[in-house]
Amino acid sequence: MSVFARIAVAAALVLVAAVAVALLVWQPASRDAFVDRTEGMLRSTESDFTGLATSLADETMSFAAASARAADSQRALALLDLPLELYTDVDGHLQPDRLREALRAAVADPESSGAGKLAAVRAELLQRTREDVARRLERLRGEQREAARTHGEQVGWRTVAAWTGLLLLLLAGFGLLLDRFALRPLREATEAVERFGAGERGVRLDTRGARELATLARVFNETAAANEQMRDELENKVKERTAALVRAARATTAGTMAGGVAHEFNNLLGGILGCAGEALEEDLSDDARAMLEMIRKTATRGVGMTKAMLSATRADPEPAECDAAELLDEVLAEVRPPPGVVVELEVATPTLHADAGMLRQVLANLVRNAVTAMGESGTLELSVAEDQAETRIVVADTGPGIDSSIREILFEPFVTTRRGGREGAGLGLFLAERLISAHGGSIAVESETGKGTRFTIRLARDS
């Protein structure tokens, strides 16, 4: 699953959780809060209505009592104008009983029957008022519950909408930041790895940014650089090994063929030398004698070449301990560099395990080539060193170097760099590689035009 898909799933889960919280938790909570707030208002209203009703009843009763007292006062004043003749008998005598009854009826005690009536009326009024307030409050509570339900639903869905909008904004911002600081560098890293895996060189990542990504980029760059270095080294080794194998195969083929040809050709040259020697014993003219001497000289040179080829094809070294410094002194005594050539000797290994005769022939050939390349002046370096695995013999000069076109085929037979080949047959390096290969070692050349040439012989220490 991609990163964007995981983010989308996470956002959907968060949105579902927000909806569940809003509908299952926030909606009932908001409904209960609405009920709590409005219930207080209703209770306050009920108390206010009850107090108002009580106050109105008290005021009404006070007004009624005042009205009764005013009426009694008026009736008391009316007694002054009471026609007493109505309460006399036919003889003109006053009838006290009738007068008392009339007065009792006219002037009633406000604290007796009137006060009781007023209290009863007040209680009835308050009872009816409370019942009416209770009915209205019940109706209001029903409306309150409906309003609370509607308010809870509205709050729930508004909360869902708010959470959704906020979540989308957060996801948009998070997506931009994630793409800028994480996904884009990861895409670049992925593309770089694909390009690097396809073999492209020089692929590098920007090490700026977050610490983790910078560390990843730095590690990738170091790995890529190390891999490219290893690849270059491996390619160079493969090229060197391939070239060595090709040279060995060519040398083996050429050596086998040259051995057979050299053997037959050596017999022919032997016959030519014998005939030339017998002819020179005769009485000849100077021109004929000069021609026979040239024939014998050329045949002798050919015999030397065939012997060298035969010795290379039949090389069977007999390794033994030999003194390295003494071997180099013998080579220098044989070649005799000109006085203008400075010889630098460095012998870090006192003894060598090799066939001294064959190794002397190889070193003499290399030193002779170096001296010939430098001419009358230059620096000749001869060194012998070893480590745990091998012994290294170096022959280096400060001559003009070897052209790259010849360097690839330098160890093949009949290849020479001496004045078009007139001063050499081109077998020296071919024989040197054959002899070193017979020891189980290798010989390599490094050369730069105008800066000299370096030959390195490597021999296994147990060879």
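Scroll up a little and you will see the structure.
As a starting point, this report considers the structure included with it. (Residues numbered from 1 in each chain as written. Predicted model: local features only at pLDDT ≥ 70, side-chain atom pairs only at ≥ 80, totals over all residues. Heavy atoms only, no water.)

### Considering the overall build of the chain
The helix and strand inventory of the chain stands at nine helices and seven strands. The burial tally for the chain puts 27% of its 463 residues in the buried class. Expressed as a percentage of contacts within the chain between residues at least 6 apart in sequence, the contacts between residues at least 24 apart total 71%. Of the accessible surface of the chain, which amounts to about 29,200 Å², a share of 58% is contributed by carbon and sulfur atoms. (Helix = DSSP H or I, 4+ residues; strand = E, 2+ residues; numbered from the N terminus. Buried < 20%, exposed > 50% of the residue type's maximum accessible area, 1.4 Å probe, protein only. Contact = heavy atoms within 4.5 Å. Areas by Shrake-Rupley, 256 points an atom, 1.4 Å probe, with all protein chains shown as cover.)

### Describing the sheet that holds strand E2 (residues 341-347)
Taken together, the five strands give an open sheet; going across it, the order is E2-E4-E5-E7-E6, and neighbouring strands pair in mixed fashion. Single-partner strands in this sheet number two, and they are E2 and strand E6 (442-448). The average angle at which neighbouring strand axes cross in this sheet is 10°, direction not considered. In this structure, strand E5 (residues 390-397) lies alongside strand E7 (residues 452-460), joined through eight bridges in antiparallel fashion. From the neighbouring strand, Glu 390 faces E7, where its bridge partner is Ala 460. Sitting on the sheet, helix H6 (residues 324-335) touches E2 and strand E4 (378-386), and the angle it makes with E2 is about 165°. (Pairing = 2+ DSSP bridges. Axes fitted to C-alpha atoms, helices over the stretch in contact; angles between N-to-C directions.)

### Focus on the pairing of E4
Bridge analysis of E2 against E4 gives seven bridges, and the strand direction is parallel. Its bridge partner being in E4, Leu 345 is matched across the sheet by Leu 382. For E4 and E5, the ladder comprises seven bridges, and the chain directions are antiparallel. Counterpart to Ser 383 in the pairing with E5 is Val 394. Here E4 hands over to E5 after three residues, the two strands then running antiparallel side by side.

### A closer look at the environment of Glu 408
Its location among the elements puts Glu 408 in the loop between helix H8 (404-407) and helix H9 (428-438). Residue class for Glu 408 comes out exposed when judged on its relative accessible area of 56%.

### Section: H6
With 12 residues, H6 should reach 16 Å at 1.5 Å per residue; the first-to-last C-alpha distance of 17 Å fits that figure. Looking only at H6, the buried set comprises Ala 324, Leu 327, Leu 328, Val 331, Leu 332 and Val 335. All buried residues of H6 project into a common sector of 135° when viewed along the axis, lining one side. Here the buried face of H6 lies against strand E1 (320-323), E2, strand E3 (351-354), helix H7 (356-374) and E4. N-capping of H6 is provided by Asp 323, with a side-chain oxygen placed 3.1 Å from the backbone N of Ala 325. Once H6 finishes, Arg 336 follows within two positions and takes phi at roughly 60°, a positive value. (Expected span 1.5 Å × (residues − 1). Arc of directions from axis to C-beta. Polar contact = N/O pair within 3.5 Å; in protein donor to acceptor, adjacent residues only side chain to side chain.)

### Topic: the pattern of salt bridges
One side chain can pair with another of opposite charge once the charged atoms of both are near each other. Applying the stated rule across the entire model yields nine salt bridges. The residue Arg 360 makes a salt bridge to Glu 330 at a minimum N-O spacing of 2.7 Å. Within this pair, whereas Arg 360 is found in helix H7, its partner Glu 330 is found in helix H6, the two being separated by 30 residues in sequence. According to the relative accessible area criterion, Arg 360 is partly exposed, its value standing at 26%. The partly exposed category is assigned to Glu 330, whose relative accessible area is 31%. For Arg 454, the salt bridge identified is with Glu 381, shortest N-O distance 3.4 Å. (Salt bridge = Lys/Arg side-chain N within 4 Å of Asp/Glu carboxyl O.)

### Concerning the packing of H6 against H7
To describe two helices that pack against each other, one gives the angle between their axes and the distance between the axes. With their axes 9 Å apart at the nearest point, H6 and H7 run at an angle of 50° to one another. When the axis of H6 is compared with that of H7, the two are oblique. You can see that H6 and H7 cross each other, and the crossing is right-handed. Only Ala 356, Leu 359, Arg 360, Leu 363, Ala 364, Val 367, Arg 368 and Val 371 of H7 make contact with H6, whose side of the interface consists of Leu 327, Leu 328, Glu 330, Val 331, Leu 332, Glu 334 and Val 335. Looking at side-chain class alone, the contact of H6 with H7 contains 11 nonpolar, no polar and four charged residues. (Parallel < 35°, antiparallel > 145°, perpendicular 65-115°, else oblique. Left-handed = near helix turned anticlockwise from the far one by under 90°. Nonpolar A, V, L, I, M, F, W, Y, C, P; charged D, E, K, R; others polar.)

### Looking at H9
Most of H9 is tucked away: eight of the 11 residues are buried. When H9 is considered as a whole, its buried residues turn out to be Leu 429, Phe 430, Leu 431, Ala 432, Glu 433, Arg 434, Leu 435 and Ile 436. Positive phi appears at Gly 440, one or two residues downstream of H9, with a value of about 80°.

### Points about the nonpolar core
Ranked by internal contacts, the top residues of the largest apolar core, which has 37 residues, are Leu 363, Val 367, Leu 380, Phe 455 and Ile 457. Looking at which element gives the most residues to this core, the answer is H7, with 10 residues. When sequence neighbours within four positions are dropped, the list of residues in contact with Leu 380 reads Leu 332, Val 341, Val 342, Val 343, Glu 344, Val 367, Ala 370, Met 374, Val 395 and Ala 396. Judged by nonpolar contacts, the second largest core, of eight residues, contains Ala 189, Ala 192, Phe 196 and Ala 217. (Core = buried A, V, L, I, M, F, W, Y, C linked by side-chain atoms within 4.5 Å.)

### Focus: the packing of H7 against H9
Where H7 meets H9, the axes come as close as 9 Å, and the angle between the chain directions of the two elements is 145°. Crossing of H7 against H9: the hand is left-handed. Contacts between H7 and H9 involve Met 358, Leu 359, Gln 361, Val 362, Asn 365, Leu 366 and Asn 369 from the first element and Gly 428, Leu 429, Leu 431, Ala 432, Leu 435 and Ile 436 from the second. When its residues are assigned to classes, the contact of H7 with H9 shows nine nonpolar, four polar and no charged.

### Some points on unusual backbone geometry
Positive phi values are uncommon outside glycine, yet Arg 336 reaches one of about 60°. Mapped onto the elements, Arg 336 comes out in the loop between H6 and E2.

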